[in-house]
Amino acid sequence: MKVQINTDKNIEGSERLESYFSTEITRVLSRFDDKVTRIEVHLGDENSAKGGVNDKRCMIEARPVKLKPIAVTAYADSIEKAFFQATEKIKKSLNNTFEKQQAQ
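Thresholds, definitions, all that
Residues numbered from 1 in each chain as written. Predicted model: local features only at pLDDT ≥ 70, side-chain atom pairs only at ≥ 80, totals over all residues. Heavy atoms only, no water. Helix = DSSP H or I, 4+ residues; strand = E, 2+ residues; numbered from the N terminus. Expected span 1.5 Å × (residues − 1). Buried < 20%, exposed > 50% of the residue type's maximum accessible area, 1.4 Å probe, protein only. Arc of directions from axis to C-beta. Contact = heavy atoms within 4.5 Å. Salt bridge = Lys/Arg side-chain N within 4 Å of Asp/Glu carboxyl O. Polar contact = N/O pair within 3.5 Å; in protein donor to acceptor, adjacent residues only side chain to side chain.

> I would appreciate a short explanation of helix H1 (residues 15-28) in the present structure.
The periodicity of an α-helix, 3.6 residues per turn, causes residues three or four places apart in sequence to face the same way. Compared with an ideal rise of 1.5 Å per residue, which puts 14 residues at 20 Å, H1 spans 20 Å between its outermost C-alpha atoms and is within 8% of the ideal. Regarding H1, the residues found buried are Leu17, Phe21, Ser22, Glu24, Ile25 and Val28. The buried residues of H1 occupy an angular sector of 165° when the element is viewed end-on, so they sit on one face. Seen from the open side of H1, the exposed residues pointing more than 90 degrees away from its buried face are Glu15, Arg16 and Arg27. Residues of H1 that are buried sit in contact with strand S1 (2-7), strand S2 (36-45), strand S3 (56-64) and helix H2 (79-103).

Here it is in structure tokens:
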């Protein structure tokens, strides 16, 4: 499973940030390793320098083998919170998708 981290122009995409988020997403989704080809994480700040409540966005797109991509989005007041909320959402979505696939 390949992990790709993308940031918008308002988020500084340092090597440390990318390494940390890649490690976390790989750890959380490790049980889907053979069922998902790629995970894309998109981090953004909706309001740029203006600030605001829940203006940090994390969208995670998973590409399961032989299925359509699955995407989830979470908003929070920090990139880390948005990331962990989106990680939980994608884990649940993948779980449901593969459970439905096994039931057929």
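> Quick question: what am I supposed to make of the pattern of salt bridges here?
Between side chains of opposite charge, a pair can form when the charged atoms approach closely. Applying the stated rule across the entire model yields 8 salt bridges. One salt bridge in this structure joins lysine 56 and aspartate 55, with 3.2 Å as the shortest N-O distance. The residue lysine 81 makes a salt bridge to aspartate 77 at a minimum N-O spacing of 3.3 Å. The partly exposed category is assigned to lysine 81, whose relative accessible area is 45%. On the basis of relative accessibility, which here comes to 46%, the residue aspartate 77 falls in the partly exposed class.

> How should the side chain of lysine 56 be read in this particular structure?
Residue position: lysine 56 is located in strand S3. Classification of lysine 56 by relative accessible area gives buried; the value is 17%. At a separation of 3.2 Å, a polar atom in the side chain of lysine 56 contacts the side chain of aspartate 55.

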